[in-house]
Amino acid sequence: MSEVVIELELGLPHWDPNDPEAVVYVDERRAAAALNPHPDDADRRAVVLVWSGCRWAAHGAPNDEGRRAHRLHSKGLNGILWLGTVRESSTVEGICAGRATSADSLKHYVLPLKETTLEVVAEDLRAVRLAGPTRQALVSVVVGS
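Keep in mind it's a predicted model, so treat the numbers as computed, not measured.

Calculation rules
- Starting afresh in each chain, residues are numbered from 1 along the sequence in its written order.
- Where local features are concerned, this predicted model is filtered to residues with pLDDT of at least 70; where side-chain atom pairs are given and counted, the filter is 80 or more; whole-chain, interface and lining totals use all residues.
- To get the side-chain values, take all heavy atoms of the structure and skip hydrogens and water.
- In this analysis, rings of Phe, Tyr and Trp, with Trp reduced to its six-membered ring, are considered paired at centre separations within 6.5 Å, and the interplanar angle assigns stacked below 30 degrees, edge-to-face beyond 60, and tilted for intermediate values.
- To qualify as a helix, a DSSP run of H or I must reach at least 4 residues; to qualify as a strand, a run of E must reach at least 2; elements of each kind are numbered from the N terminus.
- For every residue, the accessible area (1.4 Å probe, protein chains only) is compared with the maximum for its type, and the residue is labelled buried under 20%, exposed over 50%, or partly exposed between those bounds.
- Throughout, nonpolar core names a set of buried Ala, Val, Leu, Ile, Met, Phe, Trp, Tyr and Cys residues whose side chains join them through atoms within 4.5 Å.
- Between two residues, a contact is recorded if the distance between any of their heavy atoms is within 4.5 Å.
- Following DSSP output, two strands are said to pair if at least two bridges run between them.
- For every element, the axis is a line fit to its C-alpha atoms; helices are fit only across the contacting stretch, and the angle between N-to-C directions ranges from 0 to 180 degrees.
- Any two cysteine sulfur atoms lying within 2.5 Å of each other are counted as a disulfide.

Sorry if this is basic, but what is going on with the packing of aromatic side chains here?
For any two aromatic rings, the description comes down to two numbers: the centre-to-centre distance and the angle of the planes. What the rule picks out here adds up to 2 aromatic pairs. On the basis of an interplanar angle of 90° and a centroid distance of 5.8 Å, the ring pair of W15 and W82 is categorised as edge-to-face. Linking W15 in the loop between β1 (4–7) and β2 (23–26) with W82 in the loop between β5 (56–60) and β6 (84–87), this pair joins segments that are 67 residues apart in sequence. Summarising the burial analysis for this pair, W15 and W82 share the class buried.

Sorry if this is basic, but what is going on with the nonpolar core here?
General note: in soluble globular proteins, nonpolar side chains tend to be found buried as a group. Among the nonpolar cores identified, the biggest contains 19 residues, and W15, L49, W51, L83, L111, V120 and L125 are the most heavily contacted of them. Residue assignment for this core shows that the elements contributing at least two residues are β3 (31–35), β4 (46–52), β7 (107–112) and β8 (117–122). Not counting residues within four places of it along the chain, the set of residues in contact with L83 comprises I6, E7, L8, L12, W15, W51, Y109, V110, L111 and L125. Among the nonpolar cores identified, the runner-up in size contains 10 residues, and A32, A34, V141 and V142 belong to it.

Help me understand the sheet that holds β1, please; the structure alone is not making it clear to me.
One key point about sheets: their strands pair by backbone hydrogen bonds, in either a parallel or an antiparallel sense. In spatial order, the strands read β1-β6-β7-β8-β5; together these 5 strands make up an open sheet with antiparallel pairing. Each of the sheet's edge strands pairs with one partner strand only, and the pair in question is β1 and β5. Pairwise comparison of adjacent strand axes, ignoring direction, gives a mean angle of 25° for this sheet. Direction of pairing for β7 relative to β8: antiparallel, over a ladder of 6 bridges. Residue pairing across strands places K107 opposite A122, the latter belonging to β8.

What am I meant to see in the pairing of β2 here?
Across 4 bridges, β2 lies against β3 in antiparallel orientation. In the strand pairing of β3, V24 is matched with A33. Hairpin geometry of β2 and β3 is characterised by an intervening segment of 4 residues between the two adjacent antiparallel strands.

Would you mind going over the state of the cysteines with me for this structure?
Covalently bonding the sulfur atom of one cysteine to the sulfur atom of another cysteine gives a disulfide. Overall, the coordinates contain 0 disulfides when judged by the stated rule. Left unpaired, C54 is separated from the closest cysteine sulfur, that of C96, by 14 Å. For C54, a relative accessible area of 8% corresponds to the buried category. By relative accessible area, which is 9% here, C96 ends up buried.

Written out as structure tokens, the structure is:
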């Protein structure tokens, strides 16, 4: 198996990739990230990425300065500005090994942020726009879902 990270093109609104106010939420069944919009975006509402059907999620080190130490860096993560998906993911294969869950139903996402790297294995991803600061937008999604 040869993992490779590619930029995901879903028609998502772009966010500020250097956003120091980006916030992440992860629990046992869902993950979300709220980000400020890209400076060129006329829509000033926060961009909230919401994953459903989560099977695994992790966030933390490395940040943007240490990202070259990430295990996926040389597999394409080094070229990802917005959101990547991992093809032939060993993480997905590990989750599905010996279970009824099909690897075809899950996607491995990688979101490189200024202060953290978020990885999520989930069934689905959607983006919503919400007014207010990123923390408020994230709370609205987490409490409202």
